[in-house]
Amino acid sequence: MTKTKISDGVGGSKNFFGVEFAPTSIPLSRRLETAAALFWTLSVFCFPIFWVFLYLILGLEYFLLVSLFYSAFYIYDWNTCNKGGRRFDFMRRLPVWNKLRDYFPAKLVKTTELDPSKNYLFGYHPHGILSIGCSLNFGTEATNISKVFPGVKINFLTLKSNFILPIFRDYIMSLGGCSVTRESMNYILSKPGGGNGAIVVVGGAKEGTLRERSYFHNTRFARRES
C-alpha cells in the first residue's frame, strides 16, 4: 500500500509530489483570472488540434453535410486572411478577456494621438510568449483600444500558417487577426479614407521567448525586397 505525500507549502499552499498548488485562501476573482490565462494558453496550443480532430473525425463520421458545407466555405474563404479578415465585435468583448487583462495586469498606455484619416503600420516588440501583449491589447477590447484610438481599426498580423487550420483560422480572424503577408498589409494600408492600421510583432523564434524585465533590447531588422 502506497501513501500520497502532501505537505503544506508557502502561504498555506499544498505541495503534492513537489508540485505546489495554490492555497485555498486565494479569492475567487484571482482564480478566474488564472482560468482566463489557462484558456488563452489552451486556445493557442490545444484548441487547433482539437478542432482539426473534431472536423476530420467527428464531422466526417457523424455530421457529413456540415463538414462538406464548411469545406466548401473553407475553400471560398481561403484568402480572407489577406483581405482584412473578418472580425466580430462580440468575440473581442468576451468577459474572459477582461479577466485575462487583470491576471497580469495589462494596460494600454497612449502616448500620442492618431489621425483617423490616415492608415498606420505599427511594430510591436518584444514578441514575448504567445504574443499575449499584442493579442490582448489589439485583438480584444479588454484595454478599450477602440476608445483609446477612436476611428482607427487595427488588425494584428500573424503567421500565414495559422490560417491553414480549419475553425482555428476563424477564431483568429474573429479577434481581428490577419496574415502577415505583403498582400495583406497592402490591402489594409491602401484602403481609401484612412482609419486602418496593421500591427506586426517583429522578431523571430528567439524573441518568441523573450520575457526579461529589461526596458531595452536590441533588435535588428533585415531589409528585404520581396
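Definitions and cut-offs
Residues numbered from 1 in each chain as written. Predicted model: local features only at pLDDT ≥ 70, side-chain atom pairs only at ≥ 80, totals over all residues. Heavy atoms only, no water. Pairing = 2+ DSSP bridges. Helix = DSSP H or I, 4+ residues; strand = E, 2+ residues; numbered from the N terminus. Axes fitted to C-alpha atoms, helices over the stretch in contact; angles between N-to-C directions. Contact = heavy atoms within 4.5 Å. Patch = residues over 30% accessible without salt bridge, like charges linked within 9 Å, V, L, I, M, F, W, Y side chains within 5 Å. Areas by Shrake-Rupley, 256 points an atom, 1.4 Å probe, with all protein chains shown as cover. Salt bridge = Lys/Arg side-chain N within 4 Å of Asp/Glu carboxyl O. Buried < 20%, exposed > 50% of the residue type's maximum accessible area, 1.4 Å probe, protein only.

A.B. asks: Help me out: how do you make sense of the sheet that holds strand E5 (residues 153-158) in this one?
C.D. replies: Within a sheet, each strand pairs with its neighbour through backbone hydrogen bonds, oriented either parallel or antiparallel. One open sheet holds the four strands; their spatial order is E4-E7-E5-E6, and the pairing between them is parallel. Whereas interior strands pair on both sides, the edge strands pair on one side only; in this sheet they are strand E4 (120-124) and strand E6 (177-179). Taking each pair of neighbouring strands and ignoring which way they run, the sheet shows an average axis angle of 35°. Judged from the five bridges that link them, E4 and strand E7 (residues 196-201) form a sheet pairing that is parallel. The residue bridging Leu121 from the neighbouring strand is Ala198, located in E7. In this fold helix H9 (residues 182-189) packs onto E4, E5, E6 and E7, with an angle of close to 150° to the strand it touches most, E7.

A.B. asks: Looking at this structure, I do not really get a nonpolar patch on the surface. What am I missing?
C.D. replies: Together, Phe53, Leu56 and Ile57 make up a nonpolar patch on the protein surface, roughly 280 Å² of accessible area in all. For Ile57, the position within the fold is in helix H2 (residues 47-62). For Ile57, a relative accessible area of 46% gives the class partly exposed.

A.B. asks: Would you take a moment to explain the pairing of E7 for this structure?
C.D. replies: In summary, the side chains of a regular strand alternate between the two faces of the sheet. Burial runs high along E7: six of the six residues are buried. Of the two faces of E7, the one lined by Asn196, Ala198 and Val200 and the one lined by Gly197, Ile199 and Val201 are each fully buried. Direction of pairing for E5 relative to E7: parallel, over a ladder of five bridges. Bridging across to E7, Asn155 finds its partner in Ala198.

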